[in-house]
Amino acid sequence: MNETIVSYLGETLGYSFNWAGTLAIFFIASLVLASIMALIGGLGTYAERKISADIQMRYGPNRVGPYGILQFLADGVKMLLKEDCIPRDSDRFIFKLSPMLCLVGVLASLAVLPTSSGFILANLNVGIFYLLGATSVVGVGIFLGGYSSNSKWAMLGGMRGAAQIISYEVPVTLTILSIVLIAGGLSMNTLVGGQGAFPNDWYIFHNPFSFIGFFVYFIGSLAETNRAPFDIPEAESELVSGYHTEFSGMRFAFFALSEYIEVFVLCAIAAALFLGGYNIPFGLQEHGLLGQLLQLAVFFTKSFFLYYVVIWIRWTLPRMRVDHLMILCWKYLTPIALLNLVGTAVWMYCFDGKSFYMILKQLFVASGQ
Amino acid sequence: MGIIPYIVVSSILFICGIIVMIARKNIIAILLGIELVLNAAALNFVAFTKFNNMNIDGHVFALFIILVAAAEAAVGLAIVIRFFQVRESIHIDSATQLQS
Amino acid sequence: MNMFLMIIFTLSAFLAVGGALSVAFAKNLIHACVYLLFSLIGVAGLYLTLGAEFVAATQLVVYVGGVVVLLLFAIMLTGGSNLHHVTSRFGLESTPLMGNLRTYIMGIVTALLLIAVLCNVLQGSISASAVVESKFSSTVEQIGVKLVTDHILAFEISSVLLLGALVGAAIIARPYRSSETEN
């Protein structure tokens, strides 16, 4: 079990790095991962517009590049050239800080993203717990962004955002805890390594409780990233555009980018915890570089599928009202998540940690004899 | 790197917390100071765990400190909000009566 | 690898100490709260250098995700920082909310006295005990085993404490008017 990308490289290349080499490798790997994530965030805006156009039978962006795929670059250039407006009565220090807090929180959570068995920046032994802590910085950023703009719409949006993120952290954390119970560890490699390549080994089909837990987690992560149908912090029809009403240029781009990357990160975590993560069948992971690339491909395919589902939901369902949102969290999702936790513990105790498939197989074999 | 840097950092946190608790007259600012003092204590526990004895009790104690700080912040802020509704002030000197 | 720890320690210590000093001397309450956020993140980094990953992650989850947002909410619900000059019930002008020179002098004198006492106490204990960097690993399993064996009583009592805090905070912070109509 490798601990970081550095120890993995050291094992495969048979070379031990000193502290400068370690630092350089971490720097390059972080740079690569952050660039890929920025690309994914940019392509996310393009995908969002293209998929929504597809759902509404429009064309969507189709002028810049083939099928309009370079639209996000054009948007980025436009954002860079925009005037950077700061409202006169705003709190300048916090106004400048809040987009960075959002982006820092999301980028910090990339450190434990299990993209393949080798390429994980740091396999902390508290990986998933660290990720929950890092993504909670985003809530502070959203709240401060709303507060510092000194505008009623932004203030309401920021308050709603913070309340929503704090509330939905409860069912999401409880659901993740039930998965931790099954896997018996908090580190990402333990969580992913306990599963197999085929659906019968995935944690989503491990027992009935984790099957429900997947949907609880997915709904909760939709709400945590302020995506529709839970996008009341930035509801266009009631608050102009929520907490980033007063932001322009690159500051707005930071908010948008952090939102899209966070959606991807939470989809990736769902894929890693419930849908088998980077596992590939037939022992292909032993084949060095080829195995790593296949693992990357499998992981990103699953994540992008969930990303597509998120966008699909956004353009299908209407927005919820704010009190319905809180009722859904505290009266439905939290009790279900608590029940899931207890149920998973009972299942692990009664069936000795066997999955549903294994029990069925045992019964089948026993009846055959 | 010994234990001394950690003790210096935690004592600076402690001093700042004490200064905030005495100098400020805003109840929420005083709560900020309490958080700093509790953090300094927890940092000392973890540092002494690493450098003085090998068992993990210090970490457990730091966890309990964090837990108590969270509970204290929740109840304290609830009291502050209630106090503001009754008195329309969050000045510590206006809290002179036990019953309103 | 030691150099690596050194870099992380320096960054975190600067963040923690700078944040704490800014909390003590900031003019604006909401800025002080943001500086407290930096200080807490710095302390989490210090825990990481001490090999206490679980405590560091708990610090991030509880403080950054919970306590700081709660403090910000409370600051906003109590009128922000625009109440600088207040008069007491008797019409006398009281000390400004964020303190003045007199209160700061009092605070600094008290803190120096406390630090002098602490130095005297700590000097003996540090020089007496052999300070050796021990090799140990803090894993989640170890902490979990400790929590349900040696510290089981404290663990259970803390769960009751949290439940009490939850219910108590919800009851205390109820809206004023609805409780008036009930009585």
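Scope of this entry: the structure provided in the associated data block. (Residues numbered from 1 in each chain as written. Chains lettered and ligands numbered in written order. Predicted model: local features only at pLDDT ≥ 70, side-chain atom pairs only at ≥ 80, totals over all residues. Heavy atoms only, no water.)

### A closer look at the overall build of chain A
Secondary structure assignment for chain A yields 12 helices and zero strands. Taking 369 residues into account, the globule formula puts the C-alpha radius of gyration at 21 Å, and chain A, at 22 Å, falls close to it. Expressed along its principal axes, the backbone C-alpha trace of chain A runs to roughly 80 × 55 × 40 Å. Split into buried and exposed, the 369 residues of chain A put 53% on the buried side. Expressed as a percentage of contacts within chain A between residues at least 6 apart in sequence, the contacts between residues at least 24 apart total 76%. (Helix = DSSP H or I, 4+ residues; strand = E, 2+ residues; numbered from the N terminus. Rg over C-alpha atoms; globule rule 2.2 N^0.38 Å. Buried < 20%, exposed > 50% of the residue type's maximum accessible area, 1.4 Å probe, protein only. Contact = heavy atoms within 4.5 Å.)

### Here we look at the packing of helix α1 (residues 4–23) of chain B against helix α2 (residues 29–49) of chain C
Interaxial distance between α1(B) and α2(C) falls to 12 Å at its minimum, and their mutual angle equals 160°. Classed by the angle they form, the pair α1(B) and α2(C) counts as roughly antiparallel. Here the hand of the crossing between α1(B) and α2(C) comes out left-handed. The segment α1(B) lies against α2(C), with B:Tyr6, B:Val9 and B:Leu13 engaging C:Ser39, C:Val43, C:Leu46 and C:Thr49. Along the lines of polarity and charge, the residues of the contact of α1(B) with α2(C) split into five nonpolar, two polar and no charged. (Axes fitted to C-alpha atoms, helices over the stretch in contact; angles between N-to-C directions. Parallel < 35°, antiparallel > 145°, perpendicular 65-115°, else oblique. Left-handed = near helix turned anticlockwise from the far one by under 90°. Nonpolar A, V, L, I, M, F, W, Y, C, P; charged D, E, K, R; others polar.)

### Some thoughts on the interface of chain A and chain C
Counting residues at the interface gives 27 residues for chain A, matched by 28 residues for chain C. Counting the surface lost from both chain A and chain C, the interface buries some 2,600 Å², and carbon and sulfur atoms represent 85% of this. Three residues stand out in chain A for area buried against chain C, namely A:Trp19, A:Phe129 and A:Phe143, and they jointly supply 21% of the buried area on that side. Applying the counting rule to chain A against chain C returns zero salt bridges. The interface formed by chain A and chain C includes one residue pair in polar contact (both at pLDDT 80 or more). The set of elements that each furnish at least two residues to the side of chain A that touches chain C consists of α2 (19–55), α4 (92–109), α5 (127–148) and α6 (152–183) of chain A. (Buried area = accessible area lost by both parts, 1.4 Å probe. Salt bridge = Lys/Arg side-chain N within 4 Å of Asp/Glu carboxyl O. Polar contact = N/O pair within 3.5 Å; in protein donor to acceptor, adjacent residues only side chain to side chain.)

### Some remarks on α5(A)
All names here are of chain A. Taking 1.5 Å as the rise per residue, α5 with 22 residues should run 32 Å; its terminal C-alpha atoms sit 33 Å apart, in good agreement. For α5, a buried count of 22 out of 22 residues is recorded, marking the element as mostly surrounded by other parts of the structure. Following α5 by one or two positions, Asn150 has its phi on the positive side, about 60°. (Expected span 1.5 Å × (residues − 1).)

### Points about the state of the cysteines
According to the stated counting rule, one finds zero disulfides over all chains in the structure shown. Free of any disulfide, A:Cys102 has its nearest cysteine sulfur in C:Cys33, 16 Å distant. By relative accessible area, which is 1% here, A:Cys102 ends up buried. (Disulfide = S-S within 2.5 Å.)

### A look at a nonpolar patch on the surface
A cluster of nonpolar residues, A:Trp19, A:Leu23, C:Met3, C:Met6, C:Ile7 and C:Leu11, forms a patch on the protein surface that exposes about 520 Å² of accessible area. Looking at the nonpolar patch, the element that brings in the most residues is helix α1 (residues 2–25) of chain C, giving four residues. With respect to the helices and strands, C:Met3 occurs in helix α1. Taking the relative accessible area as the measure of exposure, C:Met3 reaches 39% and is therefore partly exposed. (Patch = residues over 30% accessible without salt bridge, like charges linked within 9 Å, V, L, I, M, F, W, Y side chains within 5 Å. Areas by Shrake-Rupley, 256 points an atom, 1.4 Å probe, with all protein chains shown as cover.)

### As for the packing of aromatic side chains
Between two aromatic rings, the relevant description is the distance of the centres plus the angle of the planes. Residue and element names in this part refer to chain A. For the structure on display, the rule yields 23 aromatic pairs over all chains. Centre to centre, the rings of Tyr168 and Phe230 are 5.8 Å apart; their planes meet at 45°, and the pair counts as tilted. With Tyr168 in helix α6 and Phe230 in the loop between α8 (208–224) and α9 (249–273), this pair connects stretches of sequence that are 62 residues apart. Side by side, Tyr168 and Phe230 carry an identical accessibility label, which is buried. Centroid distance Phe214 to Phe218: 6.0 Å. Interplanar angle 25°. Geometry classified as stacked. With Phe214 and Phe218 both in helix α8 and four residues apart, this pair spans about one turn of that helix. According to the relative accessible area criterion, Phe214 is buried, its value standing at 8%. The class for Phe218 is buried, based on a relative accessible area of 9%. Through a chain of ring-to-ring contacts, three or more aromatic side chains come together here, namely Phe205, Phe211, Phe214, Phe215, Tyr217, Phe218 and Phe274. (Phe/Tyr/Trp six-rings, centres within 6.5 Å; stacked < 30°, edge-to-face > 60°.)

### Observations regarding the interface of chain C and chain B
With 85 residues of chain C at the interface, the matching set in chain B holds 67 residues. Between chain C and chain B lies a buried interface of about 6,900 Å² when both sides are counted; carbon and sulfur atoms form 78% of it. Contact with chain B buries area across many residues of chain C, yet C:Leu50, C:Thr78 and C:Leu97 alone supply 9% of it, more than any other trio. Where chain C meets chain B, there are one salt bridge. The partner of B:Asp57 in a salt bridge is C:Lys146, with the nearest N and O atoms 3.5 Å apart.

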